[in-house]
Structures are given as structure tokens and as C-alpha cells.
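# Architecture at a glance
Here is what each chain is made of, one letter per residue.
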Amino acid sequence: MKNMFQLSTCLLGAIVLCAGTGASLAQNPPPPDHPSITVRGQTYTPRSILARNMGTPADQQEQFPPHKVIGEIYYVGTRTLSSFLIVTPAGNILIDSTYERNVPTIAKSVADLGFKFSDVKILLGNHAHGDHQEGDALVKQMTGAQVMAMAEDVPALQAMKPGGKEHPIDKVLHDGDKVTLGGVTLTAHLTAGHTRGCTTWTTTAQEGGKTYNVMFGCSLRPPAVVTPLLVEEFTRAYKTVRALPCDVQLGDHGAQYNMLEKYAKLAEGVPNPFIDPASCTLEADVEEAMFHAILAEQQQAAKP
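Residues numbered from 1 in each chain as written. Predicted model: local features only at pLDDT ≥ 70, side-chain atom pairs only at ≥ 80, totals over all residues. Heavy atoms only, no water.

### Re the side chain of Asp131
Rule in force here: Segments assigned H or I by DSSP are reported as helices when at least four residues long, segments assigned E as strands when at least two residues long, and all are numbered from the N terminus. A 1.4 Å probe rolled over the protein chains alone gives each residue an accessible area, and that area as a share of the maximum for its type sets the label: buried under 20%, exposed over 50%, partly exposed in between. We count Lys and Arg on the positive side and Asp and Glu on the negative side, and we leave His and both chain ends out. Throughout this description, the term salt bridge denotes a Lys or Arg side-chain nitrogen within 4 Å of a carboxyl oxygen of Asp or Glu. Any two residues whose heavy atoms approach within 4.5 Å at even a single point are treated as in contact.
Topologically, Asp131 is positioned in helix 5 (residues 130–133). It is Arg221 that comes nearest to the buried, bridge-free Asp131 among opposite-charge side chains, at 6.9 Å. For Asp131, the residues in contact, after removing those within four places along its chain, are Met54, Leu81, Thr98, Tyr99 and His253.

This is the structure we're talking about:
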């Protein structure tokens, strides 16, 4: 039972740092599961959002059926950790390597779609957390891809050394930079808060003779304690995301864009369910409401 509780505490690591298997419960108590918010009829708490994003340890590793999202954009991640392949005539772009242990699963998904993993020429990431970019070194080792990262996340990435591997960074990016390969251009938007270099990517995709705006959202989830710097960063991030053109909203966790429900509709032969402009601000709505609720609670507790 103790080990199970410690696992739960580690899973909540974005809020409480787990100090190892010897950590006492007194040193690492689980965070309080408040405040509670309701957005579009759905109630959320900090723990429910984290559980929604991460799922079980098995969910984080199990291959999700690889599938076309729109145009030449494909999902190649696990049940809860997103990884996207963008296919171009000059080679392919991969967004998010997830955990190092998942890289073979991602490679299998790429192969299952009929593409070669060795054709990945550029590796991008959403933000410097292990569940999104720990596998960068292994992807580079397997493909020779150029690894590009937002400048503000470089220190956190350099500290990420699975198995002692140095974290590769071939090109440092800045807010507004563009990454182009084979006629496809992605624009990097700094949406800091969750990490200092949290990056929301935008591009376009063609389907049925039409062009659609695609947004690969970075997590907008606030921590349990909001500092003045984070207030500034998150406020800017929410404003930035809301202003981005979007017809197809994706995210670094499938739950952020209702991947399971939308994927199920693909089999029904309905119009592409991922084209859903109405959902483009849903994640921002949820996380901004939670951010303000946490801040209000924090300010109330500070009153004499």
C-alpha cells in the first residue's frame, strides 16, 4: 500500500516533487484537490485534470492506433502521450518523443502507417518535461534528426539525461521562429507558464481542396502555487492561444482535444471529426479558469 501511495505521489510530480522511494508521506503529502471549476458543464479539479491527461502507467506506454489527423499529419503516440508525424517530400517532422521507453512504440506506429522512422529529419517538442521530450536523444540516435527547442526550455532539456545521455539540441528557437521542410512550415509560439519554453506550434493542412489551420497546443495547466512570474507568463499564454488561427486543435495529451471520441468517429465515415473550430479554445477555457481559481484561493489565504 505504501508503494502504491508513493507511485500516486510521483504521478502528481508536476505539483509535488517525489523524493524517491524512501520519501516519507509527511515530506511529500499529496496536493489538496482544490479548487473546483466548471467549464461548459464539466467539473474539473487539479487532480482530475492531471489524471485525465496522464491516465494509467499502461496508458502512457500502450500504442494507440496510429491514424491520419488531417492532410499529411498523423498521430503516432500512446493512449495518453501525444506524438505527431508530419510527412513531407523532403523527409518528415516528429513532434514530441515522449518517454525514452516509448520511442520504439512511436517508431512502430510510423512503420504501421507505411513510413520509415529513419525519414524523420526534424524533431520538435512542446515542452521540457520527461513525458514529452525525454526520448529526444534516442530519436536522434535512431534517425539523425535535427533537434530544435525553444530557448527558454534549453536549461531544463539539458538537465534531462535518461541513462546519462546528453540531451541533443541542434538549433535554438525563439518566439515566432519558423521551421520549414519540404514545403511545410511550422511556426513556434512561446506560451510559457507550464514550462519557461512551452511551445505551441501552428501550421496548415490541406484536405478536400480546402486549407485548414492546425494548432499543436502546449499544456496550459498551472501549478498548485502561482508566482508573480507565472501570473505574467500564463496571462500572456492564454491571450496568445486565443488569438491563433485554428480549425484543428491538437495537444500534447490526447485528452486535451478529445482524441478518443474523435478517433472513434473516424470509423463512422462522418466528416473529419478533428476539424472542430468550436473546440479550439476549450483547453484554454479550462486551464485559465483553473488558473484564476488557484490565484484567487491563494490570495484569499494570504489575507490577514
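### Some remarks on the sheet that holds strand 4 (residues 73–75)
Stated precisely, the cut-off is as follows: In this analysis, strands are considered paired if DSSP registers two or more bridges between them. Lines are fitted to the C-alpha atoms to define the axes, a helix being fitted only along its stretch in contact, and any angle between axes, read from their N-to-C directions, falls within 0 to 180 degrees.
Here we have seven strands laid out as an open sheet, ordered 3-4-5-6-7-8-9, and mixed in their pairing. Looking at strand neighbours, the two that pair on one side only are strand 3 (67–70) and strand 9 (171–173), the edges of this open sheet. Each strand of the sheet is rotated relative to its neighbour by a mean of 25°, with strand direction disregarded. Relative to strand 8 (residues 146–150), strand 7 (residues 120–124) is paired through two bridges, and the arrangement is parallel. For Leu123, the partnering residue across the bridge sits in strand 8 and is Val147.

### Topic: the confidence of the model for the chain
In plain terms, the rule: By definition, pLDDT measures how confident the predictor is in each residue, and it falls between 0 and 100.
Per-chain confidence: the chain averages 91 in pLDDT, with 90% of residues scoring 70 or above. Below pLDDT 50 for its whole length, residues 1–27 participates in 26 contacts with residues either more than four positions away or in separate chains.

### Details of the packing of aromatic side chains
Short version of the rule: In summary, the pairing rule links any two rings of Phe, Tyr or Trp, Trp by its six-membered ring, whose centres are within 6.5 Å, and it sorts them by plane angle into stacked for under 30 degrees, edge-to-face for over 60 and tilted for everything else.
Evaluated as defined, the whole model comprises 10 aromatic pairs. Ring geometry for Phe64 against Tyr75: centres 6.0 Å apart, planes inclined by 90°, an arrangement best described as edge-to-face. Residue Phe64 is found in the loop between helix 3 (57–61) and strand 3, and its partner Tyr75 is found in strand 4; the two are separated by 11 residues along the sequence. Overall, Phe64 belongs to the buried group, its relative accessible area being 4%. With relative accessibility at 0%, the residue Tyr75 sits in the buried group. When the ring of Phe234 is compared with that of Tyr238, the centres are 5.8 Å apart and the planes differ by 25°; the resulting orientation is stacked. Taken together, the residues span about one helical turn, with Phe234 and Tyr238 both in helix 8 (residues 228–243) at a distance of four residues. The same class applies to Phe234 as to Tyr238, namely buried.

### A word on the pattern of salt bridges
Throughout the structure, instances matching the rule amount to 13 salt bridges. Measuring nitrogen to oxygen at the nearest pair gives 2.8 Å for the salt bridge that ties Arg242 to Asp285. A residue pair is termed long-range when its members are at least 10 positions apart, and Arg242 in helix 8 and Asp285 in helix 10 (residues 282–302) qualify at 43 residues. Classification of Arg242 as partly exposed rests on a relative accessible area of 36%.

### Topic: the environment of Leu250
One can find Leu250 in strand 14 (residues 248–251). In this structure the C-alpha to C-alpha distance between Leu250 and Trp201, which are 49 residues apart in sequence, comes to 9.6 Å. Aside from chain neighbours lying at most four places away, what touches Leu250 is Val69, Ile73, Phe84, Val214, Met215, Phe216, Gly217 and Tyr257.

### A word on the nonpolar core
Basically, it comes down to this: In this text, buried Ala, Val, Leu, Ile, Met, Phe, Trp, Tyr and Cys residues form a nonpolar core when linked through side-chain atoms within 4.5 Å.
Counting residues in hydrophobic clusters, the biggest one holds 31 residues, and the most contacted among them are Ile73, Phe216 and Leu250. Non-local contacts of Phe216, meaning those with residues more than four positions away in its chain, are made with Ile73, Phe84, Ile86, Ile95, Asn126, Leu186, Thr199, Thr200, Trp201, Thr203 and Leu250. If you look at the next biggest cluster of nonpolar residues, it comprises 23 residues, including Met215, Val241, Ala293 and Leu295.

### Comments concerning helix 8
Because an α-helix completes one turn every 3.6 residues, residues spaced three or four positions apart along the sequence face the same direction. Here is the rule: The span you would expect from a helix comes to 1.5 Å times its residue count less one. Think of it as the arc spanned by the lines of direction from the helix axis to the C-beta atoms.
The end-to-end C-alpha separation of helix 8 is 23 Å, in line with the 22 Å expected for 16 residues at 1.5 Å each. All of the buried residues along helix 8 are Leu230, Glu233, Phe234, Ala237, Tyr238, Thr240 and Val241. Burial along helix 8 is one-sided: seen end-on, the buried residues are contained in an arc of 165°. Exposed residues on helix 8 whose side chains face more than 90 degrees from its buried face are Pro228, Glu232, Lys239 and Ala243. Looking at the buried residues of helix 8, the elements they touch are strand 11 (184–190), strand 12 (199–207), strand 13 (210–217) and helix 10.

### Here's the deal with the sheet that holds strand 11
The five strands lie next to each other as 10-11-12-13-14, forming an open sheet whose pairing is mixed. The two strands at the open ends of the sheet, each matched to only one other strand, are strand 10 (178–181) and strand 14. Geometrically, the sheet is characterised by an average inter-axis angle of 25° between neighbouring strands, direction not taken into account. The pairing of strand 10 with strand 11 spans four bridges and is classified as antiparallel. Bridging from a neighbouring strand, Val179 pairs with Leu186 of strand 11.

### Things to note about the packing of helix 2 (residues 46–54) against helix 10
As a reminder, the rule being used: Each helix crossing is assigned a hand: it is left-handed if the near helix lies turned anticlockwise from the far helix by less than a right angle, otherwise right-handed if that turn is clockwise. Throughout this entry, Asp, Glu, Lys and Arg are counted as charged residues, while Ala, Val, Leu, Ile, Met, Phe, Trp, Tyr, Cys and Pro are counted as nonpolar. The remaining residues, Gly among them, count as polar.
Viewed as axis vectors pointing N to C, helix 2 and helix 10 meet at an angle of 145°, and their least axial separation amounts to 11 Å. In this structure, the crossing between helix 2 and helix 10 has a hand that is left-handed. Counted together, Pro46, Ile49 and Arg52 of helix 2 and Glu283, Val286, Glu287 and Met290 of helix 10 form the full contact between these two elements. Counted by class, the contact of helix 2 with helix 10 contains four nonpolar, no polar and three charged residues.

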